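Fold and geometry: a report
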Amino acid sequence: MIYNNSMEYLQNVVEYYDELYPVTDTQKKFYDGIKKSYAVPVKFLQIGCGTGALEHILAQDGSDVTGLEVSKELIAAANLRKRTQLTAVRFFQLSTLDMTRFLGKGFYNVISCLNNRIVFIHDKTLLKKFFFDSKMLLSNGGILILGLFNFHRTDQSSVTQLPEQSSIRVKMISSLKKSSSGLMYLNQNIETGNGKILKIMANEEVYPLTIEEIASFAKGAGFAESCFYSSFSMEEYTGKSDTLICIIKK
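Residues numbered from 1 in each chain as written. Predicted model: local features only at pLDDT ≥ 70, side-chain atom pairs only at ≥ 80, totals over all residues. Heavy atoms only, no water.

Overview of the overall build of the protein chain
- Scanning the protein chain for helices and strands turns up eight helices and 12 strands.
- Relative to the 2.2 N^0.38 estimate, which gives 18 Å for 250 residues, the radius of gyration of the protein chain is 17 Å and therefore close to what a compact globule would have.
- Across its three principal directions, the C-alpha atoms of the protein chain cover 45 × 40 × 35 Å.
- Burial analysis of the protein chain (250 residues in total) assigns 51% to the buried set.
- Within the protein chain, contacts between residues separated by at least 24 positions form 63% of all contacts whose residues are at least 6 apart in sequence. (Helix = DSSP H or I, 4+ residues; strand = E, 2+ residues; numbered from the N terminus. Rg over C-alpha atoms; globule rule 2.2 N^0.38 Å. Buried < 20%, exposed > 50% of the residue type's maximum accessible area, 1.4 Å probe, protein only. Contact = heavy atoms within 4.5 Å.)

Some details on the pattern of salt bridges
- Inspection of the entire model under this criterion finds 11 salt bridges.
- Here Glu15 makes a salt bridge to Arg169, at a shortest N to O gap of 2.9 Å. One end of the pair, Glu15, is in the loop between α1 (11-14) and α2 (17-20); the other, Arg169, is in the loop between β7 (165-166) and β8 (170-178), and 154 residues separate them in sequence.
- Between Lys35 and Asp61 there is a salt bridge; the shortest N-O distance is 3.0 Å. Taken together, the residues Lys35 in helix α3 (residues 25-35) and Asp61 in the loop between α4 (53-59) and β2 (64-69) connect sequence positions 26 residues apart.
- The exposure class of Lys35 is buried, given its relative accessible area of 10%.
- On the basis of relative accessible area, Asp61 is assigned to the partly exposed category, the value being 48%.
- Each of Glu15, Glu19 and Arg169 takes part in salt bridges that share partners, so that together they form one network. (Salt bridge = Lys/Arg side-chain N within 4 Å of Asp/Glu carboxyl O.)

Concerning the pairing of β2
- Of all the six residues making up β2, six are buried; the element is thus mostly covered by neighbouring parts of the structure.
- Here β2 shows no split at all, with Asp64, Thr66 and Leu68 on one side and Val65, Gly67 and Glu69 on the other all buried.
- Examined bridge by bridge, strand β1 (residues 43-47) and β2 share five bridges and lie parallel to one another. Bridge pairing in β2 places Lys43 opposite Asp64. (Pairing = 2+ DSSP bridges.)

Looking at helix α7 (residues 124-137)
- Compared with an ideal rise of 1.5 Å per residue, which puts 14 residues at 20 Å, α7 spans 20 Å between its outermost C-alpha atoms and is within 8% of the ideal.
- If you follow the buried residues of α7, they end up packed against β1, α6 (99-102), β4 (108-113), β5 (138-149), α8 (211-221) and β12 (243-249).
- In this structure Asp123 caps α7, since a side-chain oxygen of it lies 2.9 Å from the backbone nitrogen of Thr125. (Expected span 1.5 Å × (residues − 1). Polar contact = N/O pair within 3.5 Å; in protein donor to acceptor, adjacent residues only side chain to side chain.)

Some words on the side chain of Ser63
- Here Ser63 is to be found in the loop between α4 and β2.
- Among the polar contacts listed, one links the side chain of Ser63 to the backbone oxygen of Leu58, at a separation of 3.4 Å.
- Apart from the residues within four sequence positions on either side, Ser63 is in contact with Lys35, Pro41, Val42, Phe44, Leu58 and Ala88.

A few points about the packing of α7 against α8
- Running from amino to carboxyl end, α7 crosses α8 at an angle of 55°, the nearest separation of the two axes being 9 Å. Relative to α8, the element α7 lies oblique. In the packing of α7 onto α8, the handedness of the crossing is right-handed. Of α8, the residues touching α7 (which contributes Lys124, Leu127, Lys128, Phe131, Phe132 and Lys135) are Glu213, Ile214, Phe217, Ala218, Gly220 and Ala221.
- Its residues assigned to classes, the contact of α7 with α8 comprises seven nonpolar, one polar and four charged. (Axes fitted to C-alpha atoms, helices over the stretch in contact; angles between N-to-C directions. Parallel < 35°, antiparallel > 145°, perpendicular 65-115°, else oblique. Left-handed = near helix turned anticlockwise from the far one by under 90°. Nonpolar A, V, L, I, M, F, W, Y, C, P; charged D, E, K, R; others polar.)

A closer look at unusual backbone geometry
- Residue Pro41 is reached from Val40 by a cis peptide bond, and omega for that bond is 0°.
- Here the phi dihedral of Asn115 falls at roughly 55°; this positive angle occurs in a residue that is not glycine.
- Relative to the assigned elements, Asn115 resides in the loop between β4 and α7.
- Positive phi outside glycine occurs at Asn203, with the angle close to 50°.
- Take Asn203: it is sitting in strand β10 (residues 197-206).
- Of the residues examined, Asn203 reaches a relative accessible area of 32% and is grouped as partly exposed.

As structure tokens, then:
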């Protein structure tokens, strides 16, 4: 994914990233279940790894973990964590556009792109490339996991407020703005405990991926099956949840 307008603001979220995107017990249980399907060491590729919290948890049992991130601020935080925790994790500042040039084809058992990061690939052609490239990097029997907002929850109004994310110290307020041409833009601010407002995203174009398009892009890239759930608890997707978890099988 590529950020076009908001790179200058991303440093504002680094301090609070782990609080706003926590690794939950449900998420840990989900990935523990995934690991059972593959031989040890399981090979993970995490796209949009942020500060690397999930990646270090995945690597604690000896799994082979690679994290990609385009933000230099976030990748610096991930590498700082790496120096304080003795796990075999590598982090690269690398866009999805270039991942097949530098990463091993057919190497990874599991590729994940979570926390809405896929929607920043806002060009349909590049989205199709993402699915093709992910399949190229996956081993036989590998899976692609996507975690994103359920865009079926958006309405026809020009601005849609997304669910608030918060911790004890901070809350993040997000909204989607629809232009007259139908393009979608994300705006995000965080409010600290003392009332200070910090900008995170400013009119960042996003692509409102739906399950129908995900299934279509995956099929077009040659994936065998796409399964959709409401959360990492693996509840059946009904269209009513705020989140969407996709498991796409090679």
